[in-house]
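Chain by chain, the residues run as shown.
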Amino acid sequence: MDGYSDNKLLEMCLNPESENYGFSLLIRKYQKPVYWHIRRMVLDHEDADDLVQDTFVKVWRNLRKFREESTLYTWIYKIATNETLSFLQKKKLKYVLRTGNLENQLATQIKDDSYFDGDEIQLKLQKAILTLPEKQRLVFNMKYFEDMKYEDMSEVLGTSVGALKASHHLAVKKIENFLNNL
Amino acid sequence: MLQDKNNKEQADKLNLEAIAPELAKMNKTNPFMVPGNYFEKLPDEIMNKIRVPKRISPAELLYTIFLKRKLNFAIIVSGIIVILAILFFNKSENITGENQFFSNITLDDLLRENPEIIEYMDETFLVETLLAGSVQVIDFNDDNVMVNDTGISQDDLIDYLSDEEITTELMYEL
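Rules and cut-offs
Residues numbered from 1 in each chain as written. Chains lettered and ligands numbered in written order. Predicted model: local features only at pLDDT ≥ 70, side-chain atom pairs only at ≥ 80, totals over all residues. Helix = DSSP H or I, 4+ residues; strand = E, 2+ residues; numbered from the N terminus. Buried ≥ 20, exposed ≤ 12 C-beta atoms within 10 Å, placed from the backbone. Contact = placed C-beta atoms within 7 Å. Core = buried A, V, L, I, M, F, W, Y, C linked by C-beta atoms within 7 Å. pLDDT = per-residue confidence, 0-100. Axes fitted to C-alpha atoms, helices over the stretch in contact; angles between N-to-C directions. Parallel < 35°, antiparallel > 145°, perpendicular 65-115°, else oblique. Left-handed = near helix turned anticlockwise from the far one by under 90°. Nonpolar A, V, L, I, M, F, W, Y, C, P; charged D, E, K, R; others polar.

(A) How the structure looks around the overall build of chain B. Within chain B one finds 10 helices and two strands. Reading the helices (α) and strands (β) of chain B from amino to carboxyl end gives α-α-α-α-α-α-α-α-β-β-α-α. Per-residue burial for chain B yields a buried fraction of 6% across its 174 residues. Contacts in chain B between residues far apart in sequence, at least 24 positions, make up 62% of those at least 6 positions apart.

The structure is reproduced here in structure tokens:
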């Protein structure tokens, strides 16, 4: 099933006779990269689960509007990214009203999270990443963990390649400073 | 193509080592986990959410919208009839016994004894209190017209409500 191209999957999804089967294949092809893309931002599995499901529901609802100006893959990523950023904005607002800082709260939660299996160094890295602003965090994750091309990132985030390279460079420097200061 | 990719990866790695040696040393293994069989179950959970809904015909849709509007209209008309009935029957009610006691309580007395009421006193509460007769702060003058001690009559109250556009919907949350 991983063998189906995006064009073939899209064709199946747009055909009423094969739409459910085609979409199910599409989910199986992209569920893991989309899930991990979201999870690295929200950190909590339950939140990531909700968001990945919302993402694919939105993909389903908007498939007929997909104009093929971008690849299917970057289009799905774009939806996932927007869902994640909206979620984090809402969560941030709640935390600002209560404790004042969402990132501090997330950093505290990672250590006690039963779905976090990293060592001290990996915990340190996650805390370092949390010090970055959200969009910069996205850029860093997409480059460092997902090894995404700048051109694809540009489509997903709507930012120029040059700006993304600069953002990534700054993110790396900030994380390095954080790691050296601990 | 594979050679280009390898070259690029090597260049990125060297670049990272140059600007962030601590980060470059780190293992990129994923420290996060998922519950068992999560990805096996996820597609079915998503497909259950997007099951193709029953297609409603245009005729069914129109009927549903029309019926709803008719019901809303019926509720509003009923509400207006109820209010008019209350106003009509309140006007002709005589004060006897228990009501006589309550008719001596003014709004000022009520507020003096229960100052916390002012927090909750808005037009809706005021109107409901006055019209419901739970506390009679209205008396009759010699001409048998309902007034309270401040000289506000029932008609004055209704005029006030009309001026302030306190609608039936606002009062009764239709």
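Anyway, onward from the coordinates.
(B) Local environment of the overall build of chain A. Within chain A, the secondary structure is distributed over nine helices and zero strands. Counted from the first residue to the last, chain A has its helices and strands arranged as α-α-α-α-α-α-α-α-α. Within chain A, buried positions represent 30% of all 182 residues. Once local pairs closer than 6 in sequence are excluded, the contacts in chain A between residues at least 24 apart make up 58%.

(C) Expanded view of the nonpolar core. Counting residues in each nonpolar core, the largest one holds 42 residues, and the members touching the most others are Val 34, Ile 38, Val 52, Ile 76, Val 139, Met 153 and Ile 175 of chain A. For this core, the secondary-structure elements that each account for two or more residues are α2 (19-42), α3 (45-62), α4 (72-98), α6 (120-130), α7 (134-144), α8 (150-157) and α9 (161-181) of chain A together with α3 (38-49) of chain B. Ranked by the residues each element gives to this core, the list is headed by α2 of chain A, at nine residues. The residues touching Met 153 of chain A, leaving out its near neighbours within four places in the chain, are Val 139, Met 142, Met 148 and Leu 164 of chain A.

(D) The arrangement of the confidence of the model for chain B in detail. Residues and elements named next belong to chain B. Of all residues in chain B, 35% have pLDDT values of 70 or greater, and the mean over the chain is 67. When mean pLDDT is taken per element in chain B, α3 scores highest with 95 and helix α5 (residues 97-103) scores lowest with 47. This model gives residues 95-102 a pLDDT under 50, and the stretch forms six contacts once residues within four places in sequence are excluded. Note that pLDDT drops below 50 for residues 133-137; the model gives that stretch 15 contacts with residues more than four away or on any other chain.

(E) Focus on the interface of chain B and chain A. Listed as interface residues are 19 residues of chain B and, on the opposing side, 26 residues of chain A. Ranked by residues supplied to the side of chain B that touches chain A, first place goes to α3 of chain B with seven residues.

(F) Representation of the confidence of the model for chain A. On average, residues of chain A carry a pLDDT of 89, and 95% of them reach 70 or more. Taking the mean pLDDT of every element in chain A, the minimum, 76, falls on helix α5 (residues 102-112) of chain A and the maximum, 96, on α3 of chain A.

(G) Highlighting the environment of Tyr 4 of chain A. All names here are of chain A. Looking at where Tyr 4 falls in the secondary structure, it is placed in the segment before α1 (6-14). Judged by local crowding, Tyr 4 falls into the partly exposed class, with 16 C-beta atoms found within 10 Å. Spatially, the C-alpha atoms of Tyr 4 and Lys 29 are 8.7 Å apart, while their sequence positions differ by 25 residues. Excluding its chain neighbours within four sequence positions, the residues that come into contact with Tyr 4 are Leu 9 and Leu 25.

(H) Structural context of the packing of α5 of chain A against α6 of chain A. Residue and element names in this part refer to chain A. Axis separation between α5 and α6 bottoms out at 10 Å; the angle between their running directions is 165 degrees. Considering their axes alone, α5 and α6 lie roughly antiparallel with respect to each other. When you trace α5 past α6, the crossing you get is right-handed. For the pair α5 and α6, the contacting residues are Glu 103, Leu 106, Ala 107, Ile 110 and Lys 111 in the first and Leu 123, Gln 126, Lys 127 and Leu 130 in the second. Looking at side-chain class alone, the contact of α5 with α6 contains five nonpolar, one polar and three charged residues.

(I) Summary view of the packing of α7 of chain A against α9 of chain A. All names here are of chain A. One can describe the packing of α7 onto α9 by two numbers: an axis separation of 9 Å at closest approach and a directional angle of 90 degrees. By the criterion of interaxial angle, the relationship of α7 to α9 is roughly perpendicular. Contacts between α7 and α9 involve Gln 136, Val 139, Phe 140 and Lys 143 from the former and Leu 164, Ser 167, His 168, Leu 170 and Ala 171 from the latter. In terms of residue class, the contact of α7 with α9 is made up of five nonpolar, three polar and one charged.

(J) Seen up close, the environment of Tyr 115 of chain A. You can see Tyr 115 of chain A is positioned in the loop between α5 and α6. The exposure class assigned to Tyr 115 of chain A is partly exposed, which follows from the 17 C-beta atoms found within 10 Å. Between the C-alpha atom of Tyr 115 of chain A and that of Asp 44 of chain A, which follows or precedes it by 71 residues, the distance is 8.1 Å. Residues in contact with Tyr 115 of chain A, not counting those within four places in the same chain, are His 45 of chain A together with Phe 32, Met 33 and Val 34 of chain B.

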